[in-house]
Amino acid sequence: ALAAGKLPLNVTERLDDWARFGAGVAENDVSLLFGHSEPLPREVRTSAHNWYLDLAYNFGLIALMPIVALLVATVFLAWHKRSRLGNELRWLVGIVFFLIVVDANFKVMLRQPYPGLFSFFLWGVLLSKLQALPRQRLSGKCGS
């Protein structure tokens, strides 16, 4: 299929799923903010294969706000304390961001019992360790 310039079947199915669920999210103002009262029938599709899109389809964009705020806070903490991160903490940052950002965009693993618990646990450990680091002092003079 790739040699003929076509996408593999599993990739086209995934893109179709994302388009179907994305259209459902943006269907109207109510579904955009609060989601749908019933999920898609299992005969149509079981999930969007994207945790964020699946959450937005079922519960609306309001449900994404706490997760996005927590993700922004994590990025903020990691960035501002980057000079104080040891190698172990850098690895933990990388693993958590892979699980939360990359892996969750291709699977609904955060709603599955074991992978979801593991990912959120690691995220909590990361936040705890980042908050325990001392604040970085600003160097340089402001406004001489």
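Residues numbered from 1 in each chain as written. Predicted model: local features only at pLDDT ≥ 70, side-chain atom pairs only at ≥ 80, totals over all residues. Heavy atoms only, no water.

> Just give me the short version of the side chain of Asp103, but keep the residues and values in it.
Of note, Asp103 is situated in the loop between helix H5 (87-102) and helix H6 (113-132). Exposure remark for Asp103: the relative accessible area of 13% places this residue in the buried category. Excluding residues within four positions of it along the chain, Asp103 makes contact with Phe98 and Met109. (Helix = DSSP H or I, 4+ residues; strand = E, 2+ residues; numbered from the N terminus. Buried < 20%, exposed > 50% of the residue type's maximum accessible area, 1.4 Å probe, protein only. Contact = heavy atoms within 4.5 Å.)

> Mind laying out the nonpolar core, listing which residues take part and the relevant values?
Ranked by size, the top nonpolar core spans 32 residues in total, and within it Trp51 and Leu130 carry the most contacts. Those elements that place two or more of their residues in this core are helix H1 (9-25), helix H3 (51-59), helix H4 (61-80), H5 and H6. For this core, the element with the most residues is H5, which contributes seven residues. Ignoring anything within four residues of it in the chain, the contact list for Trp51 reads Ile67, Ala104, Lys107, Val108, Leu110, Arg111 and Phe120. (Core = buried A, V, L, I, M, F, W, Y, C linked by side-chain atoms within 4.5 Å.)

> Quick rundown of the side chain of His36? Include the residues and the values.
Counting through the fold element by element, His36 comes out in the loop between helix H2 (29-34) and H3. Relative accessible area serves as the criterion here: at 17%, His36 is assigned to the buried category. Setting aside its immediate chain neighbours within four residues, His36 contacts Gly24, Val25, Glu27, Ser31, Tyr57 and Asn58.

> Explain H3 residue by residue, including any values.
Burial runs high along H3: eight of the nine residues are buried. Turning to H3, its buried residues are Trp51, Tyr52, Leu53, Asp54, Leu55, Ala56, Tyr57 and Asn58. For H3, the N-terminal cap is Asn50; the gap from its side-chain oxygen to the backbone nitrogen of Tyr52 is 3.0 Å. One or two steps after H3, the chain reaches Gly60, where phi turns positive at roughly 90 degrees. (Polar contact = N/O pair within 3.5 Å; in protein donor to acceptor, adjacent residues only side chain to side chain.)

> An account of the pattern of salt bridges is needed here, citing residue identities and associated values.
This model, assessed by the stated rule, comprises three salt bridges. Arg111 serves as the salt-bridge partner of Asp54, at 2.5 Å between the closest nitrogen and oxygen. Note that Asp54 is positioned in helix H3 and Arg111 in the loop between H5 and H6, a separation of 57 residues in sequence. A relative accessible area of 5% means that Asp54 is categorised as buried. Exposure remark for Arg111: the relative accessible area of 42% places this residue in the partly exposed category. (Salt bridge = Lys/Arg side-chain N within 4 Å of Asp/Glu carboxyl O.)

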